[in-house]
Amino acid sequence: MLKKFRHTEGLLARYARLVCDTVVPYQERAIRDEIEGVVPSYAIENFKNAAILNKTGVKPAGGDHKGCVFQDSDVAKWIEAAAYSLSVKPDAELEKRLDEVCELIGEAQEADGYLDTHFTLNRPKEKFTELVGGHELYCSGHMIEAAVALYEITGKKKLLDTVCKNADMLYRVFVTEGREGYPGHPEIELALLRLWRVTNEDRYMELAKHFIDIRGIDTDFFNKEYRRLGINIIYDNHYSQCHAPVRQQSDAVGHAVRAAYLYTAMADLAAITDDKELEDACFRLFESIEKRRMYITGGIGSSYHGEAFTADYDLPSDTAYTETCASIALIFFASKLLKLRREGRIADVMERALYNTVLAGIELDGKKFFYVNPLEVLPGISGNIPTHRHALPQRPGWYGCACCPPNTARLIGSVANYAWDEQDGILYSNLFASGELTLSNVTLEVETDYPFGDTVKYKVKKGSTKLAIHIPAFTLKNYSVSAHGELKSGYYYLEVNEGDEVTVKVEMIPRLYRSNTRVASNSGKAAVMVGPVVYCAEEKDNGDVLGFSFRSSAELKLNKETPEQIGGFYSEASDLGAVYTVTAEGQQTVMDNASDLYFTDEYRKEEKTLKLIPYFMWGNRGLNQMRVWMPVEL
Ligand code: FUB
Ligand code: ZN
């Protein structure tokens, strides 16, 4: 859909432009180690060294692989994001540099198709011996995704040929020769299914199915691998979702990105092969996330330890892990689930993850990024003490383990693919996004300020289509569509013809949300949302936010303000335009003797009006307190 969609205005268009104009160029400099003052990437350098080794048979001096074992994947994700940016904004110079990078990757590939600079440079004799953490299959997966994207957007085949040669080799090793094992970090499965779609080569689908089918059959596989490697610890096979065959799994467990990438591939495969058992497992896993293991921000994976899911209702705010990549993966999973069952609640999760955790993952200037997305920030504690070291209070310009920044770029850069979908002759609008969509049977124009406006206009400029519009759950009790149709499972189905103009009105009012009291850190607290957007209070606007509590009947007032009007944002934030802000009535706890740790005096309370801004805008004005969940009177 991306190639057929032209962003016009509004929040998603703003971010699509930011990705083209700032994020992709910035991240290119990061992977080329051209940005001073940020942690080096070495990602392009690794490919250069592997290419020299391949050509000359000699590793250049100082040419060991550097960075994480999966550093190659940063290049792949950047290529994918850059490819998407070309569909938004053609750029001949960027295309030329992409050609050169693809050439380089081809040169770094070994003659038999093997492609992974870490093993080529540092551990050539250990290929596929450490599937648990070696990430070769993960890196292959990301390179496949990059190649498919580049091919789909530009028609260029150089990288596609490289990854096909790599996938052919993997098929030979794992299927034909029957090598034991499956990837510690799922990713290749979903990528192979993408590759299968563009090449029609059934072996790629077969290999994806093979990895999915055998996961968790031998639950001891990674322990055996550990023992072969001389590692004397017991591997927790929940971490890699291999504690049981995938069709028997019910709870979302382990490393959250691994989990959601795996579930994405499972859902895709279930649709391709009409596998009901696999489909049912996917929906059990989705419900485990949606009903018990997901933050209000669409963040998943609450624990720093293992970057992982933990237990039902364990969703602490200040120590939350909620990796940006995990929410991106959740969007991938949701988009595949929608192909299986068109249920609005799935698109609701997609919206929640997108407008909150994913957008929070990127600074408004497009040059700094969050990996971890806490829902509460306490200066001096967050990012500082051992229990909170991961929860940085401000976005860095890059990371040694930089999985999230280019992942965010590729997700935002391809958001049209999630906003729109076609299936069985019906055009689905999963997310409201301003722009023009040109398909063979219909040209549609969408105008909206959503999520900072309540009206979405669909104008049919040419042709006709069956259209199904996702009506988000928050507005199901109060929405209107100006044309006759039928609401089914959160989608409004109608037929539209040339000249039609359909107006959807949704209810964009601020609401206080409570959470299940089993979420210990939210008990007795409330959070504000307007539509799909979660709100937070920052110290910059309010002074101390820890002492604030909402009145249960608090009047919540909706305002529309630009970053300049809110105050304190740098000039790069101004193209965000006007966003909804909220003011809420409540009380501020005042301690007369603020130097005492404990006391028997009663608190004094002062009336206070709190200002809340969209969660995704937090942390753009320097170090300060931030809070999503705040006490509320019973
Ligand atoms: O292991 C590769 C990536 O690095 C994971 O997806 C992230 O969670 C980070 O650990
Ligand atoms: Zn990440």
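Keep in mind it's a predicted model, so treat the numbers as computed, not measured.

Novice: Would you mind showing me how to read the overall build of the protein here?
Specialist: If you tally the helices and strands in the protein, you get 18 helices and 20 strands. Over its C-alpha trace the protein gives a radius of gyration of 24 Å, about what one expects of a compact globule, namely 26 Å for 634 residues. Roughly 23,400 Å² of accessible area belongs to the protein as shown, and the carbon and sulfur atoms make up 48% of that amount. Distance between charge centroids for the protein: 1 Å, based on 72 positive and 91 negative side chains.

Novice: What should I look at first to understand the packing of aromatic side chains in this one?
Specialist: What describes a pair of aromatic rings is the distance from one ring centre to the other and the angle between the planes of the rings. If you walk through the whole model with that rule in mind, you get 32 aromatic pairs. The interplanar angle of 80° and the centroid separation of 6.4 Å between the aromatic rings of Tyr479 and Tyr492 together place this pair among those described as edge-to-face. Remark: Tyr492 occurs in strand 10 (residues 491-497) and Tyr479 occurs in the loop between strand 7 (455-470) and strand 8 (480-481); sequence separation between them is 13 residues. You can call Tyr492 buried: its relative accessible area is 9%. Grouped by ring-pair contacts, the aromatic residues Tyr182, Phe221, Phe222, Tyr226, Tyr235 and Tyr239 constitute a single cluster. The side chain of Arg342 reaches across the aromatic face of Tyr428, ending 3.7 Å from its centre.

Novice: Explanation requested: the site of ligand 1 in the structure shown.
Specialist: In the vicinity of ligand 1, the residues found are Phe70, His135, Tyr138, His185, His255, Val257, Glu307, Glu323, Tyr371, Cys401 and Cys403. In this structure, an oxygen atom belonging to ligand 1 sits 2.7 Å away from a side-chain N or O atom of His185. In the shell around ligand 1, the residues fall into six nonpolar, three polar and two charged.

Novice: Looking at this model, I keep getting lost on the nonpolar core. Mind explaining?
Specialist: A general feature of soluble globular proteins is that nonpolar side chains tend to end up buried together. Ranked by size, the top nonpolar core spans 226 residues in total, and within it Ile79 and Phe550 carry the most contacts. Looking at which domains feed residues into this core, each of domain 1 (420-450 + 454-505) and domain 2 (510-633) supplies at least three. Ile79 has contacts with Leu98, Val101, Ile105, Met143, Ala146, Leu150 and Leu159, leaving out every residue within four places of it along the chain.

Novice: When you look at the pairing of strand 18 (residues 604-614) in this model, what are you seeing that I'm missing?
Specialist: Pairing between strand 14 (residues 533-538) and strand 18: two bridges, direction antiparallel. From the neighbouring strand, Tyr535 faces strand 18, where its bridge partner is Pro614. As defined by bridge partners, strand 17 (residues 579-590) adjoins strand 18 across nine bridges and the pair is classed as antiparallel. Bridge assignment links Gln587 to a residue of strand 18, and that residue is Glu607.

Novice: Hey, could you run me through the state of the cysteines in this one?
Specialist: Disulfides are covalent bonds that connect the sulfur atoms of two cysteines. Per the stated rule, a full pass over the model turns up zero disulfides. The thiol of Cys68 is unpaired, and the distance to the nearest cysteine sulfur, on Cys401, comes to 4.5 Å. Here Cys282 is not cross-linked by a disulfide; its sulfur's nearest cysteine counterpart is in Cys242, at 17 Å.

Novice: Looking at this model, I keep getting lost on the packing of helix 1 (residues 11-31) against helix 15 (residues 404-413). Mind explaining?
Specialist: What describes two packed helices is the angle between their axes and the distance between those same axes. It is the contact of helix 1 with helix 15, at a shortest axis distance of 9 Å, that shows an interaxial angle of 150°. When the axes of helix 1 and helix 15 are compared, the pair comes out roughly antiparallel. Of the two possible hands of crossing, helix 1 and helix 15 adopt the one that is left-handed. Within the contact between the two elements, helix 1 uses Tyr15, Ala16, Val19, Val23 and Gln27 and helix 15 uses Pro405, Pro406, Ala409, Ile412 and Gly413. Along the lines of polarity and charge, the residues of the contact of helix 1 with helix 15 split into eight nonpolar, two polar and no charged.

Novice: Could you clarify how one ought to interpret helix 11 (residues 256-273) in this entry?
Specialist: Each α-helix winds once per 3.6 residues, and so residues spaced three or four apart point in a common direction. Compared with the 26 Å implied by 1.5 Å per residue over 18 residues, the 25 Å span of helix 11 between its first and last C-alpha is a close match. With respect to burial, helix 11 is a largely interior element, 15 of its 18 residues being buried. Following helix 11 by one or two positions, Asp274 adopts a phi angle in the positive range, close to 55°.

Novice: How should helix 10 (residues 221-228) be read in this particular structure?
Specialist: Every buried residue of helix 10 is accounted for by Phe221, Phe222, Asn223, Glu225 and Tyr226. Just beyond helix 10, the residue with positive phi is Gly230, at close to 80°.

Novice: How should the domain arrangement of the protein be read in this particular structure?
Specialist: A common way to state how big an interface is: give the accessible area lost once the parts meet. If you check the domain split of the protein, you get domain 1 (420-450 + 454-505) and domain 2 (510-633). Taking only C-alpha atoms, the centre of domain 1 and the centre of domain 2 are 34 Å apart. Taken together, the contact between domain 1 and domain 2 spans four residues of the former and six residues of the latter. Summed over both sides, the interface of domain 1 with domain 2 buries roughly 340 Å², with 50% coming from carbon and sulfur. Counting the surface domain 1 buries against domain 2, the share from its top three residues, Asp449, Tyr450 and Phe474, is 87%. Our count for the contact surface shared by domain 1 and domain 2 stands at one residue pair in polar contact (both at pLDDT 80 or more). Looking at the side of domain 1 that touches domain 2, its residues break down into two nonpolar, no polar and two charged.

Novice: Would you explain the environment of Gly453 in this entry?
Specialist: In this fold, Gly453 is placed in the loop between strand 6 (442-448) and strand 7. Gly453 gets classed as buried once you look at its relative accessible area, which sits at 10%. With 126 residues separating them along the chain, Gly453 and Val579 place their C-alpha atoms 8.7 Å apart. Non-local contacts of Gly453, meaning those with residues more than four positions away in its chain, are made with Met508 and Tyr580.

Novice: Please clarify how the coordination of the zinc ion (ligand 2) should be interpreted in this entry.
Specialist: Under ideal tetrahedral coordination, the four donors around a metal are separated by 109.5 degrees; under ideal octahedral coordination, the six donors are separated by 90 or 180 degrees. For the zinc ion (ligand 2), every protein donor is listed as Glu323 (OE), Cys325 (SG), Cys403 (SG) and Cys404 (SG), and the spread of their distances is 2.0 to 2.3 Å. Angles of 95 to 117° at the metal separate the four donor atoms of the zinc ion (ligand 2), which places the site in the tetrahedral class. Along the chain, the residues that donate to the zinc ion (ligand 2) are spaced as E-x1-C-x77-C-C. The residues Cys403 and Cys404 share a single accessibility class, namely buried.

Novice: Looking at this structure, how should I read the packing of helix 11 against helix 12 (residues 276-293)?
Specialist: It is at 9 Å that the axes of helix 11 and helix 12 come closest, and there the two elements cross at 145°. The handedness of the crossing between helix 11 and helix 12 comes out as left-handed. Contact residues: helix 11 offers Tyr263, Met266, Ala267, Leu269 and Ala270, while helix 12 offers Leu278, Glu279, Ala281, Cys282, Leu285 and Ile289. A breakdown of the residues in the contact of helix 11 with helix 12 according to their chemical character gives ten nonpolar, no polar and one charged.

Novice: Explanation requested: the side chain of His255 in the structure shown.
Specialist: In this fold, His255 is placed in the loop between helix 10 and helix 11. Overall, His255 belongs to the buried group, its relative accessible area being 4%. Aside from chain neighbours lying at most four places away, what touches His255 is His185, Tyr239, Gln241, Gly306, Glu307 and Ala308.

Criteria and thresholds
- Residues numbered from 1 in each chain as written.
- Chains lettered and ligands numbered in written order.
- Predicted model: local features only at pLDDT ≥ 70, side-chain atom pairs only at ≥ 80, totals over all residues.
- Heavy atoms only, no water.
- Helix = DSSP H or I, 4+ residues; strand = E, 2+ residues; numbered from the N terminus.
- Rg over C-alpha atoms; globule rule 2.2 N^0.38 Å.
- Areas by Shrake-Rupley, 256 points an atom, 1.4 Å probe, with all protein chains shown as cover.
- Lys, Arg positive; Asp, Glu negative; His and termini not counted.
- Charge placed at Lys NZ, Arg CZ, Asp CG, Glu CD.
- Phe/Tyr/Trp six-rings, centres within 6.5 Å; stacked < 30°, edge-to-face > 60°.
- Buried < 20%, exposed > 50% of the residue type's maximum accessible area, 1.4 Å probe, protein only.
- Lys NZ or Arg CZ within 6 Å of the ring centre and 35° of its normal.
- Near = heavy atom within 4 Å.
- Polar contact = N/O pair within 3.5 Å; in protein donor to acceptor, adjacent residues only side chain to side chain.
- Nonpolar A, V, L, I, M, F, W, Y, C, P; charged D, E, K, R; others polar.
- Core = buried A, V, L, I, M, F, W, Y, C linked by side-chain atoms within 4.5 Å.
- Domains from an automatic or database assignment.
- Contact = heavy atoms within 4.5 Å.
- Pairing = 2+ DSSP bridges.
- Disulfide = S-S within 2.5 Å.
- Axes fitted to C-alpha atoms, helices over the stretch in contact; angles between N-to-C directions.
- Parallel < 35°, antiparallel > 145°, perpendicular 65-115°, else oblique.
- Left-handed = near helix turned anticlockwise from the far one by under 90°.
- Expected span 1.5 Å × (residues − 1).
- Buried area = accessible area lost by both parts, 1.4 Å probe.
- Donors = N, O, S within 2.8 Å, 3.2 Å for Na, K, Ca; no water.
- Tetrahedral: all angles 85-135°; square planar, octahedral: opposite > 155°, others 65-115°.

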